[in-house]
Amino acid sequence: MNVTDLRARLLAWYDQNARDLPWRVGPGDHAAGVRADPYRVWLSEVMLQQTTVPHATPYFLSFTRRWPTVGDLAAVEDGELMAAWAGLGYYARARNLLACARAVARDHGGVFPDTEEGLRALPGVGAYTAAAVAAIAFDRAANVVDGNVERVMSRLFAVEEPMPDSKPALKAHAGALIDAHRPRDCAQALMDLGATVCKPKSPLCDRCPLSMHCAAFARGDQDSFPRKTKRAARPRRFGIAYVLTKGDAVALVRRPDKGLLGGMLGLPTSDWTSAPPPGLPGAPTTADWRDMGEIEHVFTHFSLTLRVLRAEGQAADVVWTDRAGLAALPSVFLKAARIAL
Ligand code: SF4
């Protein structure tokens, strides 16, 4: 494969087809001397690790409107940040986001380190985020490999080894493509190609600048990459959620800091166990509980069946919220509240 030609084609395609994203400085503006704000790049990368561009964009716009600098974000109360993050999933990431903002503000004078190693040393910044910020914000020759880039590499080189074992090989292929003069654009070009052309299903090979170099395209079996091993079925857990009302108010509890949805407000629940729990474990009070049905929710590592019970009454150690306040709850609790109210 002629890597020089491949890079040239990729960058020429990017110059014409780069996605217009609110955190991005496009190739035209970059050529004119505009530079990306590392804070915005970092924030977008953290958000995009767990959701899509259309879903993350309103959150990104809201966050940067409320907290235009990393110093502003560092000063936010934990609870306020958690509420703003609701709907983006993985609350551990929100906690890491805050820890990182505070470290940048406190230890680095509000300026992000400009190397991959320096970024990696920040709390909660993993290898991928460090590489992405180093490349996109600071034009470092970092190897930025997300799921999109892995897919492109698996097809370009027709990598037969199944995921996830093939990850190191895919990363090595991507690393060999980094352009020493335009590493930033090269990283974003590969991301964009994966997101808009080399899609998971039915890649648009007729629009692909790399098709003449693509081994899977030459064989006509591009849809079959990346190869996958059969995934073990997600385990199922069961639990009970309690919707306790007092007039229009609904009782919430703050979840323990550690663990799933840690630190978030939620409905009182039982523990989530491998079989439906007998009795009413975790009920916030003794009351005339009525069965409102079940909801299903899928977390990364398990599926949850939650029986939803409702009662009117009083309880200690709860936080009362009005119905509008429920909108900020993690979606599993929002679902449960919706079938009960
Ligand atoms: Fe992906 Fe098709 Fe391009 Fe190959 S030719 S990299 S399969 S879009």
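Look up a bit, the structure's there.
Residues numbered from 1 in each chain as written. Predicted model: local features only at pLDDT ≥ 70, side-chain atom pairs only at ≥ 80, totals over all residues. Heavy atoms only, no water.

Draft legend 1. Examining the packing of helix α4 (residues 53-66) against helix α6 (residues 78-85) more closely. Direction vectors running N to C along α4 and α6 enclose 150°, while the axes themselves pass 11 Å from each other. As the angle between them shows, α4 and α6 are arranged roughly antiparallel. Mapping the contact onto sequence places Y59, F63 and R66 in α4 and E80, L81, A84 and W85 in α6. For the contact of α4 with α6, a count of residues per class yields 5 nonpolar, no polar and 2 charged. (Axes fitted to C-alpha atoms, helices over the stretch in contact; angles between N-to-C directions. Helix = DSSP H or I, 4+ residues; strand = E, 2+ residues; numbered from the N terminus. Parallel < 35°, antiparallel > 145°, perpendicular 65-115°, else oblique. Contact = heavy atoms within 4.5 Å. Nonpolar A, V, L, I, M, F, W, Y, C, P; charged D, E, K, R; others polar.)

Draft legend 2. Layout of the site of the ligand. Close to the ligand lie R155, V197, C198, P203, C205, C208, S211, C214, F217 and Q222, which account for all nearby residues. When atoms are counted within 2 Å of each cavity's grid points, the one that captures over half of the ligand is the largest cavity. Of the residues assigned to the shell around the ligand, the class counts are 7 nonpolar, 2 polar and 1 charged. (Near = heavy atom within 4 Å. 1 Å grid on protein atoms, 1.4 Å probe; cavity = no way out; pocket = protein on both sides within 12 Å on 5 of 7 lines; lining within 4 Å. Sits in = over half its atoms within 2 Å of the grid points.)

Draft legend 3. The arrangement of the layout of surface pockets in detail. Empty space within the largest pocket amounts to approximately 1,200 Å³. Around the largest pocket, the lining comprises 38 residues; the ones closest to its centre are D146, G147, N148, E150 and R151. At the level of secondary structure, the elements contributing two or more residues to the lining of the largest pocket comprise α3 (38-48), α9 (127-138), α10 (147-156) and α12 (183-196). When its residues are assigned to classes, the lining of the largest pocket shows 16 nonpolar, 10 polar and 12 charged. As a volume, the second largest pocket reaches approximately 460 Å³. (Points joined across faces, edges and corners; volume = space filled by probe spheres on them.)

Draft legend 4. View of the pattern of salt bridges. Inspection of the entire model under this criterion finds 17 salt bridges. Note that D5 and R9 form a salt bridge whose closest N and O atoms lie 2.8 Å from each other. Of the two residues, D5 and R9 both sit in helix α1 (residues 3-17), 4 residues apart, roughly one turn of that helix. Residue E80 is joined to R66 by a salt bridge in which the shortest nitrogen-to-oxygen separation is 3.1 Å. Residue E80 is found in helix α6, and its partner R66 is found in helix α4; the two are separated by 14 residues along the sequence. According to the relative accessible area criterion, R66 is partly exposed, its value standing at 41%. Each of D15, R182, R184 and D185 takes part in one network of salt bridges that share partners. (Salt bridge = Lys/Arg side-chain N within 4 Å of Asp/Glu carboxyl O. Buried < 20%, exposed > 50% of the residue type's maximum accessible area, 1.4 Å probe, protein only.)

Draft legend 5. Expanded view of the nonpolar core. If you look at the biggest cluster of nonpolar residues, it comprises 98 residues, and the most contacted ones within it are W42, F63 and L73. Look past the residues within four positions of W42 in its chain and what remains in contact with it is V70, L73, L97, C100, A101, F112, V125, T129 and V133. Judged by nonpolar contacts, the second largest core, of 9 residues, contains L244, L309, A311 and A315. (Core = buried A, V, L, I, M, F, W, Y, C linked by side-chain atoms within 4.5 Å.)

Draft legend 6. Region of interest: empty space enclosed by the protein. Under the criterion given, the structure shown has 2 cavities of 30 Å³ or more. Lining of the largest cavity is provided by 13 residues; of these, R155, C198, C205, C208 and C214 occupy positions nearest its centre. Take the lining of the largest cavity: its biggest share by element is 3 residues, from α10. Taken together, the residues of the lining of the largest cavity sort by class into 10 nonpolar, 2 polar and 1 charged. In this structure, the second largest cavity spans a volume of roughly 60 Å³. Taken together, A142, N143, V144, A174, I178, P183, C186, A187 and L190 make up the lining of the second largest cavity. Among the elements that take part in the lining of the second largest cavity, α12 stands out by supplying 4 residues, more than any other. Residues that form the lining of the second largest cavity fall into these classes: 8 nonpolar, 1 polar and no charged.

Draft legend 7. Here's a closer look at the packing of aromatic side chains. Taken as a whole and assessed by the stated rule, the structure comprises 9 aromatic pairs. For the ring pair Y39 and W42, a centre distance of 6.1 Å and an interplane angle of 35° mean the geometry is tilted. Here the residue Y39 and the residue W42 both occupy positions in helix α3, the gap between them amounting to 3 residues, near one helical turn. Across the pair, exposure class does not vary: Y39 and W42 are buried alike. Seen from their ring centres, W272 and F302 are 6.3 Å apart, and the 55° between their planes marks the pair as tilted. Of this pair, W272 sits in the loop between β3 (265-266) and β4 (290-298) while F302 sits in the loop between β4 and β5 (303-312); the two residues are 30 residues apart in sequence, bridging distant segments of the chain. Judged by relative accessible area, which is 6%, F302 ranks as buried. In this arrangement the basic side chain of R227 is found over the ring face of F225, its NZ or CZ atom lying 4.1 Å from the centre. (Phe/Tyr/Trp six-rings, centres within 6.5 Å; stacked < 30°, edge-to-face > 60°. Lys NZ or Arg CZ within 6 Å of the ring centre and 35° of its normal.)

Draft legend 8. Structural context of the side chain of T245. Summarising the element assignment, T245 is placed in strand β1 (residues 236-246). Among the polar contacts made by the side chain of T245, one reaches the side chain of E312 at a distance of 2.6 Å. Ignoring sequence-local partners within four residues, the contact set of T245 consists of V250, R310, A311, E312, G313, W320, R323 and L341. (Polar contact = N/O pair within 3.5 Å; in protein donor to acceptor, adjacent residues only side chain to side chain.)

Draft legend 9. Fine view of the pairing of β4. Sheet topology note: the β4/β5 ladder contains 8 bridges and is antiparallel. By the bridge assignment for β5, G293 is matched with V308. Connecting β4 to the next strand, β5, in antiparallel fashion are 4 residues. (Pairing = 2+ DSSP bridges.)

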